[in-house]
Amino acid sequence: MRSLISRTGILFAGLLAGFGQCAPSQPNELEVRGSCNTPTNRACWSSGFDINTDYETKTPSGTTRTFNWEVKEYDNWTGPDGRVKSKVMLINNQFPGPTITADWGDTVVVNVKNSLRLNGTSIHWHGLRQLGTNIQDGANGVTECPIPPGSSKTYKFRLTQYGTTWYHSHFSAQYGNGVFGSIVINGPASLNYDIDLGAYPIQDYYLPTADELVVQTQHTPPPPSSNNVLFNGTNINPAGSGGAYSRITLTPNKRHRLRLINPSVEHSYQVSIVGHNMTVIATDLVPVNSLTTSNVFLGVGQRLDVIINASQKAGNYWMNVTLPAANACGTSLNLAPAAIVHYSTAPNSNPTDPGTAPPNLGCRDSLDYVPVVTRQAPLDQFSASLQNTLDVTLNTTTLVVWKVNGSAINVDWDRPILDYVLTGNTSYPRSENVINVDQKNAWTFWVIENISPVPHPMHLHGHDFLVLGASSPTQTAPFNPATDKAGLKGANPTRRDVTMLPANGWVVLAFRADNPGNWIFHCHIAWHVSGGLSVDFLERVSEQKGQISAADQTAYQNNCAAWRKYFDNSGIVKIDSGL
Ligand SMILES: *[C@@H]1O[C@H](CO)[C@@H](O)[C@H](O)[C@H]1NC(C)=O
Ligand SMILES: *[C@@H]1O[C@H](CO)[C@@H](O)[C@H](O)[C@H]1NC(C)=O
Ligand SMILES: *[C@@H]1O[C@H](CO)[C@@H](O)[C@H](O)[C@H]1NC(C)=O
Ligand SMILES: *[C@@H]1O[C@H](CO)[C@@H](O)[C@H](O)[C@H]1NC(C)=O
Ligand SMILES: *[C@@H]1O[C@H](CO)[C@@H](O)[C@H](O)[C@H]1NC(C)=O
Ligand SMILES: *[C@@H]1O[C@H](CO)[C@@H](O)[C@H](O)[C@H]1NC(C)=O
Ligand SMILES: *[C@@H]1O[C@H](CO)[C@@H](O)[C@H](O)[C@H]1NC(C)=O
Ligand SMILES: *[C@@H]1O[C@H](CO)[C@@H](O)[C@H](O)[C@H]1NC(C)=O
Ligand SMILES: *[C@@H]1O[C@H](CO)[C@@H](O)[C@H](O)[C@H]1NC(C)=O
Ligand SMILES: [Cu+2]
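As annotated in an unreviewed UniProt entry, the protein chain carries the name laccase and is attributed to Xylaria flabelliformis.

The next thing to look at is the coordination of the copper ion (ligand 10). Summarising the metal site, the copper ion (ligand 10) is bound by the protein donors His456 (ND1), Cys523 (SG) and His528 (ND1), whose distances to it range over 2.0 Å. Read N to C, the donor residues that coordinate the copper ion (ligand 10) are spaced as H-x66-C-x4-H. Linking His456 in strand S26 (residues 456–460) with His528 in helix H6 (residues 526–530), this pair joins segments that are 72 residues apart in sequence. His528 shares its class with His456; the two are buried.

Turning to the UniProt feature "domain: Plastocyanin-like" (unreviewed entry) in the protein chain, a few remarks are in order. Sites flagged by UniProt as "domain: Plastocyanin-like" (unreviewed entry) map to residues 80–189, 202–345 and 419–541. Spanning residues 80–189, this segment combines 0% helix with 41% strand, and its end C-alpha atoms are found 33 Å apart. Helix makes up 7% of residues 202–345 and strand 43%. Its end C-alpha atoms lie 26 Å apart.

So, about the state of the cysteines. What the rule picks out here adds up to three disulfides. Each disulfide pairs two cysteine sulfurs, and for Cys329 the partner residue is Cys363, the sulfurs being separated by 2.0 Å. Given an S-S torsion of about 75°, the disulfide between Cys329 and Cys363 has right-handed geometry. Residue Cys329 is located in the loop between strand S20 (316–322) and strand S21 (338–343), and its partner Cys363 is located in the loop between S21 and strand S22 (389–395); the two are separated by 34 residues in the primary sequence. Exposure class is identical for Cys329 and Cys363. Each is buried.

Definitions and limits used
- Residues numbered from 1 in each chain as written.
- Chains lettered and ligands numbered in written order.
- Predicted model: local features only at pLDDT ≥ 70, side-chain atom pairs only at ≥ 80, totals over all residues.
- Heavy atoms only, no water.
- Donors = N, O, S within 2.8 Å, 3.2 Å for Na, K, Ca; no water.
- Helix = DSSP H or I, 4+ residues; strand = E, 2+ residues; numbered from the N terminus.
- Buried < 20%, exposed > 50% of the residue type's maximum accessible area, 1.4 Å probe, protein only.
- UniProt positions renumbered as here; feature names shortened; annotations may be inferred.
- Disulfide = S-S within 2.5 Å.

See the structure below:
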């Protein structure tokens, strides 16, 4: 059966219908799952729900899971690679932060207490659609005021999607100080596997604080090299002794699911394992027809769920991260970042075979992934929408500033755009970079042109976008409709929530205006969004207030009042976009 599932399988969906369907209707979904979602039937989830279910229209019932978090500051903290950092900010004293594990359809409640000394905080649930719950999106200055020190806030939202994602602070570059973690949402899968190895973040790691790095990157355009790259929160210290490699343990002859996450502030990279291929089954929160490859590209914010078969000789193998020089994809003082893939029956040792570096993808992500649940963007409507061109430009005259369509975003922590929505005020300041998207359920098309030599991992809140096309290595911006439109793919293209805008190039995206809310679209390099690289899609603004409950509006107003009382008397000066 498994051999039917290959990337060339146009037959995939049809065959899977037989393969993946669950037992007939039963009263208890969990009971059904006992015979469903097993190593030989991962496409199945529960009665009426499987890999072919359109998760944007149907969600299984679930339970409520509550998490209690405290964000705190620590000085002179000894990190996982044995070196001391002057300051970190951690959730429940964990690095990375606690993993949220839940099932498709569950409701998540997170009580966040801010015990930082000076900073506000706000937690964004990356990639979650938040249909009808824009106010839970955690983007400070946009959907909420920051939570002031000493205050708490409760986030509550439904998991309508499943797969692998992460959360992080959206208060300036604060996630670079440690306020981030993984989210695993169990659900069906497009390929069978035996063992779920769980979330596996691979991140850049810096000894200076994120606050120091923001100031540095405001004054000098080339971003600093990272001091290390951590795999699952650890690595050896490349500068000397200390630390330990991350060790992924494989059981011989079993198929393992590994949930790769890039929670970096700057680095995008290629990941490979010596002697092993990986089979990709999901791009961000979108299940895809399985695609086997020797290396994968993982941009900042992106996730890839991969299957690794422990089919090779029992031993130890390097998992490598490659940062090609000259692509502005990031540089590290760890010149060969790596983890160890260890077969459980072999003795522990460092691998000996260095392998070969994968072909350099030029800091571009693959658009070869085919979503299981299909979407079609009507390309015949595309030309009329060409006014939706957004140019990304860099201005280094005084400070390093990133603009979109001629303006750098600078959100007001005291007065989020949600305030304008609630009061019906449409006089948005230019610096809020508001773009109205009004037509209900219409497809909207966006041509993003990069007038800079630096690639940008572009992330949209509240939606997965369709990536209709991106410039090839020989093409540069501007997008030329006469020659470039023919190459766009409207029929079920790659769909995800982060994609690479190539250096000097363009990318064309589409999403449907089916989620009223206030959704930012920004570069996920912390230094770039801090420097202004974002817009705010104000989607169907007239419907937004009506979907916010009175209780949520009160909580919002109370938090804003507490924030303003704190911040306006703190003497702290906001030095960046606030995102
Ligand atoms: C952290 O270490 C520095 C340098 O060793 C020292 O000056 C400072 O007092 C320490 N801070 C705390 C809070 O211990
Ligand atoms: C955030 O906290 C850091 C560390 O305490 C501090 O250096 C920085 O100025 C603070 N920024 C804001 C905007 O509160
Ligand atoms: C990642 O680290 C966590 C916490 O130490 C551990 O439980 C988990 O097994 C690790 N994951 C892998 C794939 O090694
Ligand atoms: C990896 O995939 C390539 C191309 O499909 C294939 O030639 C190679 O044998 C595979 N390697 C392993 C270790 O399975
Ligand atoms: C793992 O094995 C499955 C079949 O059991 C196959 O479909 C998949 O391509 C294999 N993946 C890799 C990375 O070898
Ligand atoms: C993988 O990492 C190891 C350990 O740092 C290194 O020796 C090896 O050269 C790297 N291989 C590749 C292909 O990057
Ligand atoms: C870009 O800015 C121009 C000039 O301010 C404006 O007319 C246009 O509508 C903006 N484009 C978008 C997509 O908002
Ligand atoms: C860059 O910024 C400077 C200082 O704010 C301004 O004077 C200049 O006009 C800007 N250049 C461009 C091309 O926008
Ligand atoms: C609407 O917002 C603008 C910009 O912040 C402000 O100047 C104006 O006073 C507001 N209008 C009303 C009626 O509150
Ligand atoms: Cu960027």
